Amino acid sequence: MKDLGQPLVAGRILPGFRLSLGYMLVYLTLLLAVPLAACLAKVSSLTASQFIAAVWTERARSAYLLTFGASFAAAAINVPLGLLLAWILVRYEFPFRRILDSLIDLPFALPTAVAGLVYANLYVKNGWLGQFLVPLGIQAAYSRLAIVLVLTFIGLPFVVRTVQPVLETIDAEIEEAAASLGATRLQTFSRVLLPALGPALTTGFALTFARSLGEYGSVVFVSGNIMFKTEIAPVLIVNQLEEYHYAEATAIALVLLAGSFATLAVINSLERWSRRHGC
Amino acid sequence: MDADRHAVATAEPQRRFRQDPLLIRIPLILAGIVIVGVLIVIPVVNVFYQALSHGFGTYWRNLVDDADTRHAILLTLIVAPISVALNVAFGIAAAWAVTRFRFSGRTLLVTMIDLPFAISPVVAGLMFVLLFGLQGYFGPWLRDHGVRIIFALPGLILATTFVTLPFVARELIPVMEALGPEEETAALSLGANGWQIFWRVTVPNIKWALLYGVILCNARAMGEFGAVYVVSGHIAGQTDTMPLRVQKLFDEYNNPGSFAVASMLTSLALLTLLAKVWLERKTRREIAAGARIGSAVPRIDDIGETP
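Overview of the structure.

Analysis parameters
Residues numbered from 1 in each chain as written. Chains lettered and ligands numbered in written order. Predicted model: local features only at pLDDT ≥ 70, side-chain atom pairs only at ≥ 80, totals over all residues. Helix = DSSP H or I, 4+ residues; strand = E, 2+ residues; numbered from the N terminus. Contact = placed C-beta atoms within 7 Å. Core = buried A, V, L, I, M, F, W, Y, C linked by C-beta atoms within 7 Å. Buried ≥ 20, exposed ≤ 12 C-beta atoms within 10 Å, placed from the backbone. Bend = angle between axes of the 7 residues up to and from the residue.

With that settled, the discussion passes to the overall build of chain A. If you tally the helices and strands in chain A, you get 13 helices and zero strands. Ordered by position from the N terminus, the helices and strands of chain A form the series α-α-α-α-α-α-α-α-α-α-α-α-α. Dimensions along the principal axes, computed over C-alpha positions, put chain A at roughly 75 × 65 × 35 Å. When contacts within chain A are restricted to residue pairs at least 6 apart in sequence, long-range pairs at least 24 apart make up 76% of them.

See the structure below:
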């Protein structure tokens, strides 16, 4: 750490290096490093068998399965939805296009508790949408389907916003070349455009997945939180905490953290890969 | 971006090979409108409909006559600005350190800034309970000295600040990186001191990015649920913020009351979107080339970036 502050240009010209870096380090240490360390310390107070007993109960296993499964489903649904929305926003002119474009971001701006509240209300038997769906046997409130649905809402902007800029920069000449070589529109789309959008679609998928893994506020409203059926891992953590099972809660939290960190690592390597390959 | 795209669309006539036939175009557009309609528009309309379903008078009474709801609104208005202010100071310091100097460990620090986005809000809250809760590492010491962090205001601020930590820094870093140190170095060579450089050169250059970061940070701070839920203890009239109040009223089967509070939060979200559109137009006009707000790829919890 001695040769910190190697200059940006010749000589460390601008002032404020110590102050800004010092402040940043103190802030990150207090707010990030110490709390994370507390997490690890708490878990390390468990023996290996206690740890396994905590994270691998039947209840916990079904919670992981639901959390990862519902997140995967929501992310998978968002890939075609996001591609379609990005496509019409970039390629077509139609009334209210700009409003539609702005509305895509609403799930990021809307507090998750509000999303949960309104989704729980829309899909119950006498809700606006539930009145049509429930008679068909579709229970989109207080069910696993409800969890996937609300996670789809929460993650909607990710795929759209990763695909949109890539779609905009695709050269018209590529499509022209494909067309002049006799490709149909469908062939051009599936053989030329889709491969070019691949990295963006994968990144969007992974971002939606990672976000969904940790989601709590919206799911807690719509899921009903029934043990073994609709209890996701974050809800299980809160339940353990409320019963003062701190070590168990932390152990489950660690599993969840490992899941999201792994996803983020995949995203980062994807980004590096696509930058190197000039997509 | 819309303006740019529009300009491109009119300047360069739609070429035949790129244009899909109407038979494809119209169903796709309709499908897109249905998706956004069902997932986004209907829920937003439903919030206001439910909130106002018993008339405006009831709506108003739900917000104003309920002491606990009043307190929740007040608490949110205390917690959010403090968290935003803390993260503005951090964001500026971090952006300055990371973009104006090169040092070992720099990339690691930039990665660390994004970390809170990868941590479930519930886990964030849990970490502070482990530190400051009664059974936590500092719990006994805090109790002996009469300091309450968990189930009290400091805990709410800590949890909210943690969750919103990346917002301002992430907007400032790419902008300051793109601007480069030339103007500041020039000011220095003309004899300006550090604070003069900062206030007269840096701040005018980054003001819109800063405002953008503040708006996003504030929206998330006011709406945060999971992290705050864990540390608050849900004491009505004491540690319930607006999103927590929404849930409590919902649990008490007070739907109109719950939706009344939710409608305020929804209005905040809509205002945030409006401000975002306005700011993006403004910066697009001001900075025709070079720096733009935000990074290319949206991250977790980011309000979508449009280049």
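Here the focus is the nonpolar core. Among the nonpolar cores identified, the biggest contains 166 residues, and Tyr119, Val150, Ile237 and Ile252 of chain A together with Leu126 and Leu172 of chain B are the most heavily contacted of them. What Ile237 of chain A contacts, discounting residues up to four positions off in sequence, is Ala249, Ile252 and Ala253 of chain A together with Val122, Val123 and Leu126 of chain B.

Interfaces are frequently sized by the accessible area removed from exposure as the parts join. With 86 residues of chain B in contact, the opposing surface of chain A contributes 89 residues. Ranked by residue count, the leading element in the side of chain B that touches chain A is helix α2 (residues 22-51) of chain B, at 16 residues.

This part takes up unusual backbone geometry. Positive phi values are uncommon outside glycine, yet Asn225 of chain A reaches one of about 50°. Along the chain, the position of Asn225 of chain A falls in the loop between α11 (217-222) and α12 (233-242). Taking the C-beta count within 10 Å as the criterion, Asn225 of chain A has 17 such neighbours and is therefore assigned partly exposed. Phi at Phe151 of chain B takes a positive value of approximately 65°, unusual for a residue other than glycine. Within the fold, Phe151 of chain B resides in the loop between α7 (139-144) and α8 (153-164). With 19 C-beta atoms counted inside 10 Å, the residue Phe151 of chain B sits in the partly exposed group.

The principal kink in helix α5 (residues 106-118) of chain B, of about 25°, is found at Met112 of chain B, preceding the proline Pro116 of chain B by one to four residues. For α5 of chain B, the set of buried residues is Ile113, Pro116, Phe117 and Ala118 of chain B. Structurally, α5 of chain B contributes buried residues whose contacts are with α10 (185-214) and α13 (246-276) of chain A together with α4 (67-100), α6 (121-132), α8 and α9 (166-179) of chain B.

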